[in-house]
Amino acid sequence: MTKRSTTHATFVIERDYAHAPAKVFAAYADPKKKARWFGGPDEWESAHSMDFRVGGKETSTGGPPGGVVHKMSGEYWDIVENERIVMSYEMHLGETRISVSLGTTEIRPSANGATLVYTEQGIYLDGYDDAAAREHGAGELLNQLEAFLNAEA
Amino acid sequence: MTTTTHGSFVIERRYDASPRRVFAAWADPAAKRAWFAEGEGWDIRSFELDFREGGTEKSRFRVTGPSNPFPPETTFGNETVFNEIVDNERIIFTYSMDRDGARFSVSLASVELRPDGSGTRLIFTEHATFFEGGDGIAMRESGWRELLDKLDEHLAAAA
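Remember, predicted model here, so these are calculated numbers, not experimental data.

**Some words on the pattern of salt bridges**
Close approach of charged atoms allows side chains with opposite charge to pair.
Thought 1: A full pass over the atoms with the stated rule returns 29 salt bridges over all chains.
Thought 2: Across the salt bridge formed by Glu89 of chain B and Arg4 of chain A, the nearest N and O atoms sit 3.7 Å from each other. One end of the pair, Glu89 of chain B, is in the loop between strand E4 (76–86) and strand E5 (90–99); the other, Arg4 of chain A, is in the segment before strand E1 (6–17), on a second chain.
Thought 3: Here Glu58 of chain A and Lys34 of chain A are joined by a salt bridge, their closest N and O atoms 3.2 Å apart. With Glu58 of chain A in strand E3 (residues 57–63) and Lys34 of chain A in helix H2 (residues 31–37), the pair connects residues that are 24 residues apart, well separated along the chain.
Thought 4: Judged by relative accessible area, Glu58 of chain A falls into the buried class, the value being 0%.
Thought 5: What makes Lys34 of chain A buried here is its relative accessible area of 4%.
Thought 6: Bridged by salt links that share partners, the residues Arg4, Glu90, Arg97 and Asp126 of chain A together with Glu53, Glu84, Glu89 and Arg90 of chain B form one connected network.

The structure is reproduced here in structure tokens:
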């Protein structure tokens, strides 16, 4: 039995994309587009579903073949078209809840296209995960988003 | 154009009541309504609590009294989703605040309870995101300090 503990941390990642804010927003809002860039490594078996509206839910499950299942269960709390998306989400490893987070994606016009600022306020539970690993993972997702946007152009 | 700000705060309290009693004040709808919603200066229009993981709490209220800075018919809404509940130990929830239907904040909060002698140490942590027209982190922390005082009065009165 793991002793109960919580660790609280906030991180901010800023990216500049050579794509218009509306195009960046669409990569989050359109389920088919989001499924293309949001998720684990290609070799994972995965599933994704989302209902992009305030109060709507999103789930993404995946993991290495035969390995432990990573599950993200999220809910949308605020959506301003082309500008802001606020989502809370829980991460489970198998049956164990390892974190609860509040993530804000802000999109603003920039000289180059769009500046994206992602802020995640997180609670990491019982020593299973930490903010540094989560920030690394969030950065990887934003790399995948950029690759998707570039390929879509 | 939207504006978004982020902030966090932590409040620690010691209550002269067991973790089981402090937890019950969050879990029981009548008890929670008594210290969290009711009070002088608050006109409660509705309060519903479904205290389970994935369950919700929803309340609507008006602020009354001479110090109210808002038009008298201004209605506030609070919607909560419980992410995690560990009996007598931990509650994690996400909540939003609306003013006349316009969302002005979303927060992630945890309540941790630890035995402390014959009483309980409570650690309340909130991570908040404020939108245009939001109250901001200082006012939010001050609001929760008042609520945690009211919880103390509720526990003392019910003892």
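**What to know about the packing of helix H1 (residues 19–27) of chain B against helix H3 (residues 137–158) of chain B**
All names here are of chain B.
Thought 1: Between H1 and H3, the shortest axis-to-axis distance is 11 Å and the interhelical angle comes to 115 degrees. In this structure, H1 crosses over H3, and the sense of that crossing is right-handed. Listed contacts from H3 to Arg21, Val22, Ala25 and Trp26 of H1 are Trp144, Leu148, Leu151, His154, Leu155 and Ala158.
Thought 2: Looking at the contact of H1 with H3, its residues break down into eight nonpolar, one polar and one charged.

**A few points about the pairing of strand E6 (residues 96–109) of chain A**
All names here are of chain A.
Thought 1: Taking burial as the measure, the 14 residues of E6 include eleven buried ones, the bulk of the element.
Thought 2: Where strand E5 (residues 84–93) folds back onto E6 in an antiparallel hairpin, the turn is made up of two residues, including Gly94, whose phi is positive at roughly 60 degrees.
Thought 3: The pairing of E6 with strand E7 (residues 114–125) spans eleven bridges and is classified as antiparallel. The partner of Ser101 across the bridge, within E7, is Gly122.

**Things to note about the sheet that holds strand E7 (residues 119–130) of chain B**
Residues and elements named next belong to chain B.
Thought 1: As summarised here, the arrangement of the seven strands in space is E1-E7-E6-E5-E4-E3-E2, forming an open sheet in which the pairing is antiparallel. Every interior strand has two partners, whereas the edge strands, strand E1 (5–15) and strand E2 (42–49), have only one. For this sheet the average axis-to-axis angle between neighbouring strands, irrespective of direction, equals 15 degrees.
Thought 2: This element, helix H2 (residues 29–37), spans E2, strand E3 (56–63) and E4 of the sheet and lies at about 150 degrees to E2.

**Observations concerning the packing of aromatic side chains**
Thought 1: Using the criterion set out here, one finds 21 aromatic pairs over all chains in the structure.
Thought 2: Taken together, a centroid distance of 5.0 Å and an interplanar angle of 75 degrees make the contact between Phe52 of chain A and Tyr76 of chain A edge-to-face. With Phe52 of chain A in the loop between strand E2 (45–50) and E3 and Tyr76 of chain A in strand E4 (residues 70–80), the pair connects residues that are 24 residues apart, well separated along the chain. When sorted by exposure, Phe52 of chain A lands in the same class as Tyr76 of chain A, which is buried.
Thought 3: Relative to Phe61 of chain B, the ring of Trp42 of chain B has its centre 5.4 Å away and its plane inclined at 70 degrees; by these criteria the two rings are edge-to-face. Of this pair, Trp42 of chain B sits in strand E2 while Phe61 of chain B is found in strand E3, placing the two residues 19 residues apart along the sequence.
Thought 4: Overall, Phe61 of chain B belongs to the buried group, its relative accessible area being 12%.
Thought 5: Taken together, the ring pairs in this structure connect Phe9, Phe23, Trp26, Trp35, Phe36, Phe51, Phe82, Phe93, Tyr95, Phe124 and Trp144 of chain B into an aromatic cluster.
Thought 6: Of note, Lys34 of chain A hangs over the ring of Phe38 of chain A, and the distance from its end group to the ring centre comes to 4.3 Å.

Parameters at a glance
- Residues numbered from 1 in each chain as written.
- Chains lettered and ligands numbered in written order.
- Predicted model: local features only at pLDDT ≥ 70, side-chain atom pairs only at ≥ 80, totals over all residues.
- Heavy atoms only, no water.
- Salt bridge = Lys/Arg side-chain N within 4 Å of Asp/Glu carboxyl O.
- Helix = DSSP H or I, 4+ residues; strand = E, 2+ residues; numbered from the N terminus.
- Buried < 20%, exposed > 50% of the residue type's maximum accessible area, 1.4 Å probe, protein only.
- Axes fitted to C-alpha atoms, helices over the stretch in contact; angles between N-to-C directions.
- Left-handed = near helix turned anticlockwise from the far one by under 90°.
- Contact = heavy atoms within 4.5 Å.
- Nonpolar A, V, L, I, M, F, W, Y, C, P; charged D, E, K, R; others polar.
- Pairing = 2+ DSSP bridges.
- Phe/Tyr/Trp six-rings, centres within 6.5 Å; stacked < 30°, edge-to-face > 60°.
- Lys NZ or Arg CZ within 6 Å of the ring centre and 35° of its normal.

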